[in-house]
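Structural overview
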Amino acid sequence: MPRSPVALIIALSATLFAAFALNSGSSLQSSLLALRASSEGFAPVYTGIIMASYYIGFVAGIVWGASLVNRVGHIRTFAALASTGSAITLLHAVFVDPITWAVFRAMTGLCLSGLYLVVESWLNEQTDNTSRGSTIAIYMTVSLGGLAIGQLLLNMSPIGSFELFTVASVLLSLSLVPLALTRQPPPSAVSGDRMTFRRLYKISPLGFVAASGAGVLSGAIYGVGPVFAADLGLTTQSVAYFMFFVILGGMIMQFPIGKISDIVPRQYVMIVVLLGLVICGLIPLVLPNLVRDNLTVWGGIIGVFIMPIYGLAVAYVNDYLEPEDIVPASGGLLIIYGGSAAAGPLLGSSAIGHFGPWALPFMFSVIGALVAGFAIYRAGFGRRISIEEQGQFVAVPRTTPMAFELSPITDELVEDGEEGSTETTQPAGYNEEDYLTPDGTAHPDDYGYVAVEEVVEDPVSDQDADTDDDTDKTSDASEEKTKPETK
């Protein structure tokens with residue numbers, strides 16, 4: 001029987017608190033660095049490099065994080081990365097230099113990627129098939145809520161002070177407490193399988209391009225959105241509210257748009273959302289004063305059109321995948337998203353530096369138009385997925401592939417594993433040859449434990465094999481020779 005949402009929240013409270021603290025601290029730090037870089041007089045291109053470095057480190061964490069967790073364990077990994085991330089946050093206030101900040105920002109991205117991996121592994125370990133949908137919805141709400149609250153924390157102290165760096169550092173440190181004290185057993189090994197870019201593009205060119213476009217858009221709005229608002233003359237408090245409404249708009253409308261895509265061809269929903277982004281990005285060029293006076297409202301609307309694009313792209317790709325390919329594909333899509341997101345702050349800061357703040361919304365329109373044009377072009381190609389064939393839309397955090405294992409879309413894969421499928425129950429790094437007994441048979445009970453020692457047999461001639469009474473340890477070929485013929 002599925003647990004009620006309240007009971008589920010209580011059961012997952014420690015892990016959810018860690019997720020909330022992580023997202024609040026990282027959100028505060030992101031906007032703080034963008035505004036502080038601008039106030040320190042850094043050139044726009046340097047601000048872009050600083051904010052882009054985060055995504056470079058984040059992608060490195062996706063690639064490297066699984067091996068670290070499997071080598072030293074979940075709790076040790078979380079403790080080391082949370083402590084490192086907390087220390088780096090404070091060092092930003094000590095060494096105020098664009099190149100140093102870029103290095104620190106990359107290290108922060110790497111740490112947070114590993115931290116999200118541990119949190120999502122723990123959530124996945126605590127979740128059964130009956131509560132996967134509720135768990136991923138609660139986790140998404142907590143994550144987006146943390147991102148939104150982090151923006152409001154900008155109002156606690158002046159941007160030029162040391163206090164805000166301290167608050168961000170404290171939040172990262174607090175995320176360590178519940179997992180360090182948990183009595184829950186640590187999760188099992190983390191899979192680091194990823195699908196190649198070439199195969200992903202072959203499976204769904206539109207999904208590949210849409211994920212790339214979503215990365216550029218998200219990187220730009222998170223990386224230089226605060227700079228855009230500040231250049232329009234907004235106070236720090238107003239900048240915080242602007243970014244809060246951007247996240248809130250995406251948070252509120254991501255689920256309804258996703259559900260619409262379950263009953264309407266997903267490709268068409270994606271095209272409508274992208275065209276809405278084009279229109280929304282062009283409005284400031286036509287009515288600049290109206291947008292300036294209602295910037296938080298416009299920010300909420302732009303969030304409505306930017307935030308769901310990645311989720312739609314993932315769901316569209318999943319429609320063409322077998323269940324066992326969903327998690328490896330998610331790893332490839334996240335790397336595509338993260339690599340593209342690194343370009344977002346660079347393009348956004350360069351556009352603002354050369355043409356002024358209104359160049360950022362125009363850039364949103366250009367990217368939306370390019371991806372929408374590609375989607376319309378692709379509408380005449382490939383196999384069409386019917387509504388009945390479409391999978392269920394699930395808004396999954398853009399963090400680690402482990403988040404996809406939480407999703408109900410992998411239920412079929414999990415159920416196969418419970419029925420004894422070796423494809424889903426084998427541990428990471430499993431090699432069947434390591435678990436073969438001398439007679440060539442494998443023992444399922446040995447999976448994940450100690451491999452049978454390799455036995456080197458002396459060569460046996462065909463003549464000896466024919467006369468040997470003990471046929472249990474001979475090869476199949478010898479058994480055929482010694483087996484009496486039956487009539």
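Our subject in this report is the structure included herewith. In this text the structure is predicted, and so the values were computed from the model without any measurement.

**Some words on the overall build of the protein**
A tally of regular secondary structure across the protein gives 22 helices and zero strands. A buried classification covers 52% of the 487 residues belonging to the protein. Once local pairs closer than 6 in sequence are excluded, the contacts in the protein between residues at least 24 apart make up 82%. Carbon and sulfur atoms make up 60% of the accessible area of the protein, which totals about 21,800 Å².

**Details of helix H5 (residues 98-125)**
Here H5 spans 40 Å end to end across 28 residues, near enough to the 40 Å set by a 1.5 Å rise per residue. For H5, the tally of buried residues reaches 21 of 28 residues, placing the bulk of the element in the interior. At the N-terminal end of H5, a side-chain oxygen is found 3.2 Å from the backbone nitrogen of isoleucine 99, two or three residues along, and the residue is aspartate 97.

**A look at a nonpolar patch on the surface**
There is a patch of nonpolar side chains on the surface, built from Ile279, Leu282, Ile283, Leu285, Val286, Leu287, Leu290, Phe362, Val366 and Leu370 and spanning about 910 Å² of accessible area. Of all the secondary-structure elements, those providing two or more residues to the nonpolar patch are helix H12 (266-286) and helix H17 (359-378). Looking at which element gives the most residues to the nonpolar patch, the answer is H12, with five residues. Here leucine 285 shows up in helix H12.

**Here's the deal with the nonpolar core**
Core analysis: the largest hydrophobic core is formed by 135 residues, its most contacted members being Phe78, Val119, Tyr139, Phe228, Leu295, Tyr310 and Phe364. With 13 residues, helix H10 (residues 205-231) is the single largest residue contributor to this core. Phenylalanine 228 has contacts with Phe242, Leu295, Trp298, Ile352, Pro357, Trp358, Leu360 and Pro361, leaving out every residue within four places of it along the chain.

**So, the packing of helix H2 (residues 13-39) against H10**
Their axes nearest at 8 Å, the elements H2 and H10 cross at an angle of 50°. By the angle between their axes, H2 is oblique relative to H10. The two elements H2 and H10 cross, and the hand of that crossing is right-handed. The segment H2 lies against H10, with Ser30, Ser31, Ala34, Leu35 and Ser38 engaging Tyr222, Gly223, Pro226, Val227, Ala230 and Asp231. Tallied by class, residues from the contact of H2 with H10 come to six nonpolar, four polar and one charged.

**Observations regarding empty space enclosed by the protein**
Once rolled over the atoms, a probe with the size of a water molecule shows which space is left empty. Tallied over the full model, the rule gives three cavities of 30 Å³ or more. The computed volume of the largest cavity comes to approximately 570 Å³. Of all elements in the fold, only H2, helix H3 (44-72), H5, helix H6 (132-152), H10, helix H11 (236-263), helix H15 (308-318) and helix H16 (326-355) reach the threshold of two or more residues within the lining of the largest cavity. Classifying every residue of the lining of the largest cavity gives 19 nonpolar, twelve polar and two charged. Space inside the second largest cavity adds up to approximately 110 Å³. Lining the second largest cavity we find 16 residues, and of these Ile62, Ala66, Leu117, Ser191 and Pro401 sit closest to its centre. If you list the elements that add at least two residues to the lining of the second largest cavity, you get H3, H5 and helix H18 (402-406).

**A few points about the packing of aromatic side chains**
Evaluation of the coordinates by the stated rule reveals 14 aromatic pairs. When the centroid spacing of 5.6 Å and the interplanar angle of 75° are considered together, the rings of phenylalanine 42 and tryptophan 101 count as edge-to-face. Placement of phenylalanine 42 in the loop between H2 and H3 and of tryptophan 101 in helix H5 is noted, with a sequence separation of 59 residues between them. An aromatic cluster is defined as three or more aromatic residues linked by ring pairs; in this entry it consists of Tyr54, Tyr55, Phe58 and Tyr116.

**A word on H3**
The periodicity of an α-helix, 3.6 residues per turn, causes residues three or four places apart in sequence to face the same way. Compared with the 42 Å implied by 1.5 Å per residue over 29 residues, the 40 Å span of H3 between its first and last C-alpha is a close match. The largest bend along H3 reaches roughly 45° and is located at tryptophan 64. Phi turns positive, to about 100°, at glycine 73, one or two residues after H3.

**Considerations on the pattern of salt bridges**
Close approach of charged atoms allows side chains with opposite charge to pair. For the structure on display, the rule yields four salt bridges. For the salt bridge of aspartate 325 with arginine 199, the shortest nitrogen-to-oxygen distance reads 3.3 Å. Taken together, the residues span a long stretch of sequence, with aspartate 325 in the loop between H15 and H16 and arginine 199 in helix H9 (residues 197-203) at a distance of 126 residues. Since its relative accessible area comes to 15%, aspartate 325 is described here as buried. Arginine 199 sits in the partly exposed class, given a relative accessible area of 39%. Each of the salt bridges in this network shares a partner with another, and the network as a whole consists of Asp262, Arg266 and Asp319.

**Brief notes about the side chain of asparagine 23**
Turning to its location among the elements, asparagine 23 is positioned in helix H2. Its relative accessible area of 5% is what places asparagine 23 among the buried residues. Among residues more than four places away in sequence, those in contact with asparagine 23 are Tyr116, Ser143, Gly146 and Leu147.

**Re the side chain of serine 31**
Topologically, serine 31 is positioned in helix H2. Take serine 31: its relative accessible area is 1%, and that puts it in the buried class. A polar atom in the side chain of serine 31 sits 2.6 Å from the side chain of glutamine 151.

**Some details on the environment of proline 361**
Mapped onto the fold, proline 361 is located in helix H17. Residue class for proline 361 comes out buried when judged on its relative accessible area of 1%. Taking the C-alpha atoms as reference points, proline 361 and leucine 285, separated by 76 residues in sequence, lie 8.4 Å from one another. Aside from chain neighbours lying at most four places away, what touches proline 361 is Phe228, Gly281, Pro284 and Trp298.

Reading the values: the criteria
Per chain, residue numbering runs from 1 following the sequence as it is written. Whole-chain, interface and lining totals are the exception, using all residues; otherwise, since this is a predicted model, local features are given only for residues with pLDDT of at least 70 and side-chain atom pairs are given and counted only at 80 or more. Side-chain figures throughout are based on the complete set of non-hydrogen atoms in the structure, without hydrogens or water. By definition, any uninterrupted DSSP run of H or I lasting at least four residues is a helix, any uninterrupted run of E lasting at least two residues is a strand, and each is numbered from the N terminus. We call a residue buried when its accessible area falls under 20% of the maximum for its residue type, exposed when it is over 50%, and partly exposed in between, using a 1.4 Å probe and counting protein chains only. Contacts between residues were defined by any pair of non-hydrogen atoms, one from each residue, lying within 4.5 Å. Here, Shrake-Rupley sampling with a 1.4 Å probe gives the accessible areas, and only protein chains in the shown set may cover a residue. What a helix is expected to span follows from its residue count: subtract one and scale by 1.5 Å. Between N or O atoms, a polar contact is any pair within 3.5 Å; within protein, one atom must be a potential hydrogen donor and the other a potential acceptor, and residues adjacent in sequence are included only when both atoms are from side chains. For patches, a residue must show more than 30% relative accessible area and have no salt bridge; joins then use 9 Å for like charges and 5 Å for nonpolar side chains, namely Val, Leu, Ile, Met, Phe, Trp and Tyr. Definition used for salt bridges: Asp or Glu carboxyl oxygen within 4 Å of a side-chain nitrogen of Lys or Arg. Buried residues of nine kinds, namely Ala, Val, Leu, Ile, Met, Phe, Trp, Tyr and Cys, make up a nonpolar core once their side-chain atoms join them within 4.5 Å. Here the axes come from fitting lines to C-alpha atoms, over the contacting stretch only for helices, and the angles between their N-to-C directions go from 0 to 180 degrees. Each angle gets one of four labels, with under 35 degrees taken as roughly parallel, over 145 as roughly antiparallel, 65 to 115 as roughly perpendicular, and the rest as oblique. Crossing handedness follows the turn of the near helix against the far one: under a right angle anticlockwise gives a left-handed crossing, and clockwise gives a right-handed one. Charged residues are taken to be Asp, Glu, Lys and Arg, nonpolar residues to be Ala, Val, Leu, Ile, Met, Phe, Trp, Tyr, Cys and Pro, and polar residues to be all remaining types, Gly included. The way it works is a 1 Å grid over only the protein atoms, where trapped points that fit a 1.4 Å probe form a cavity and open points with protein on both sides within 12 Å along at least five of seven lines form a pocket, and then any residue with an atom within 4 Å of a point lines it. Grid points are joined across faces, edges and corners, and a volume is the space filled by probe spheres set on the points. Only Phe, Tyr and Trp rings are paired, with Trp represented by its six-membered ring, and only when their centres lie within 6.5 Å; those with planes under 30 degrees apart are stacked, over 60 edge-to-face, the remainder tilted. We define the bend at each residue as the angle formed by axes fitted to the 7 residues ending at it and the 7 residues starting at it.

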